[in-house]
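Residue-level structure breakdown
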Amino acid sequence: MDRETASSIGEDTQPEVKISVDRVFKIFGDRSDTAMRMVREGRGKEEIHAETGCTLGVNDASFDIHAGEIFVIMGLSGSGKSTLLRLINRLIEPTSGAIRVDGQDITKMSKRELIELRRRDMSMVFQSFALLPNLTVLENAAFGLEVAGVPAAERQAKALAALEGVGLGAYAASRPDQLSGGMKQRVGLARALASEPTVLLMDEAFSALDPLIRTEMQDELLRLQSEHSRTIIFVSHDLDEAMRIGDRIAIMQHGNVVQVGTPDEIVMNPANDYVRSFFRNVDVSNVFKAGDIARETQVTLIERKGVAVAAALERMRRHDREVAIVVGRDKRYHGMVSAESLAQAARAGEADPYHKAFLTEVEPIEAAEPLSNVMGRVAESRWPVPVVDERQRYVGSISKSALLMTLDRTTT
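Residues numbered from 1 in each chain as written. Predicted model: local features only at pLDDT ≥ 70, side-chain atom pairs only at ≥ 80, totals over all residues. Heavy atoms only, no water.

Here's the deal with the layout of surface pockets
- The space that makes up the largest pocket amounts to roughly 800 Å³.
- The wall of the largest pocket is formed by 29 residues, among which Arg118, Met122, Ser123, Met124 and Gly144 lie closest to the centre.
- Elements supplying a minimum of two residues to the lining of the largest pocket: helix H5 (111–121), strand E6 (122–125), helix H7 (143–147), helix H8 (152–165) and helix H9 (181–193).
- Here the residues of the lining of the largest pocket sort into 16 nonpolar, seven polar and six charged. (1 Å grid on protein atoms, 1.4 Å probe; cavity = no way out; pocket = protein on both sides within 12 Å on 5 of 7 lines; lining within 4 Å. Points joined across faces, edges and corners; volume = space filled by probe spheres on them. Helix = DSSP H or I, 4+ residues; strand = E, 2+ residues; numbered from the N terminus. Nonpolar A, V, L, I, M, F, W, Y, C, P; charged D, E, K, R; others polar.)

Dropping the structure here:
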């Protein structure tokens, strides 16, 4: 689910919650009960460690993860991001709190139920490729299914399909030592995908790769997501990576989740100086899409039979707007008119005044277009530039002032 789809105009349904983290704590150490009492008393992480020897790994984390989104958890080393990821599939046991997957609290599951959940719904990709050198690429991709007891023919078919999905079908008979680093990580990804999980957990999965290969793997992940939407939780310490692939980002500091939001929400409204420091030097023109900064501040006119030009002009006058956006009842973009062009068409006695009044020099921008590609058009346009989604529905408009405000607020 990309940001444009998630924020489609006219769709009032709330996104489905796939995973809910509810007041989760993780304390490492033998005196966790004492440490937990101190946490509830409001004592700090350093004080707790000094008195009990315990480490507060995750402190009262609460947030929801939507079905089909890429949810990135990021923070500095030691912030608790990898611990939080492992709590979500109970590779690490939480000290307190609830973690619900499809409404079922996994902290209350038996060991057998948890194993079944992992086999059925969850797969994990680690930073280390962890390929077995004595097995072929196909056998490595099928290894998890073999451990789960899937029959040989079925697991080979699923593993081969997963390898085809990541572009490695031709290498099924190869050995890991014949592959590049990026190819090895693709095998690791195929192994995770072979079980057809609904949730994919990725812990610094691309951080060991060279920058160019890392970008290629990010593109590969986005491609796979567009073809088969999964709920992906991705841990990263790299801001560019988080901004590039994340539908939403959770920022962690000292075990606390200090902010959750879309990249533009966090850039524009950082929760504290720690978050602000992450984004201070971000080139937003290479991160944001046109749809991220489009705003519905222009007057919209619904095109239909018996349209009254006088009423349209009155709406524009009342809202102090020189131009208006004409849309259909399905919110599909038809064109932009100005008060002057609309009045001229009406004086000429046009039966269909909107079409004769459209400003031909104004062309809409796709919401998915990178901001860096549209800055020139916005700067040169006399009017705010309309933005449409993949179905040509009107999303909003970008004005010069909105563009400048976005650029200015991210550099202060």
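Picking up where we left off.
Notes on the pattern of salt bridges
- Taken as a whole, this structure holds 23 salt bridges when the rule is applied.
- Linking glutamate 51 and arginine 43 is a salt bridge whose minimum nitrogen-to-oxygen distance equals 3.2 Å.
- Looking at glutamate 51, the relative accessible area reads 41%, which means it is partly exposed.
- Of the charged contacts, one joins arginine 223 and glutamate 220 as a salt bridge, the two residues approaching to 2.6 Å between their closest N and O atoms. Of the two residues, arginine 223 and glutamate 220 are both situated in helix H10 (residues 211–227); the distance of three residues between them amounts to about one turn of the helix.
- A cluster of three or more residues bridged by salt bridges with shared partners is formed by Arg37, Glu41, Arg43, Glu47 and Glu51. (Salt bridge = Lys/Arg side-chain N within 4 Å of Asp/Glu carboxyl O. Buried < 20%, exposed > 50% of the residue type's maximum accessible area, 1.4 Å probe, protein only.)

Digging into the UniProt feature "domain: ABC transporter" (unreviewed entry) in the chain
- The positions UniProt marks with the feature "domain: ABC transporter" (unreviewed entry) are residues 43–279.
- In the segment residues 43–279, helix accounts for 43% and strand for 22%; the C-alpha atoms at its two ends are 29 Å apart. (UniProt positions renumbered as here; feature names shortened; annotations may be inferred.)

A few points about the domain arrangement of the chain
- For the chain, the assigned domains are domain 1 (4–121 + 230–282) and domain 2 (290–411).
- Each of domain 1 and domain 2 has a C-alpha centre, and these two points are 40 Å apart. (Domains from an automatic or database assignment.)

So, the sheet that holds strand E14 (residues 365–366)
- Across the sheet, three strands lie side by side as E14-E15-E16; this open sheet has mixed pairing. Strands at the two margins of the open sheet, each flanked by one partner only, are E14 and strand E16 (394–398).
- With two bridges joining them, E14 and strand E15 (residues 385–388) adopt parallel strand pairing. Residue pairing for E15: isoleucine 365 is matched across the bridge by valine 387. (Pairing = 2+ DSSP bridges.)

Let's talk about the nonpolar core
- Membership of the largest hydrophobic core comes to 62 residues, with the highest contact counts inside it found for Leu189, Met202, Ile251 and Phe279.
- Per-domain counts for this core show at least three residues from each of domain 1 (4–121 + 230–282) and domain 2 (290–411).
- Look past the residues within four positions of leucine 189 in its chain and what remains in contact with it is Val125, Val166, Leu200, Met202, Met217 and Leu224.
- If you look at the next biggest cluster of nonpolar residues, it comprises 28 residues, including Phe71, Ile106, Val199 and Val235. (Core = buried A, V, L, I, M, F, W, Y, C linked by side-chain atoms within 4.5 Å. Contact = heavy atoms within 4.5 Å.)

Considering H9
- Compared with an ideal rise of 1.5 Å per residue, which puts 13 residues at 18 Å, H9 spans 18 Å between its outermost C-alpha atoms and is within 8% of the ideal.
- Buried residues of H9: Gly182, Met183, Gln185, Arg186, Val187, Gly188, Leu189, Ala190, Ala192 and Leu193, and no others.
- Residues of H9 that are buried in the fold lie against E6, helix H6 (137–141), H8, strand E7 (199–203) and H10. (Expected span 1.5 Å × (residues − 1).)

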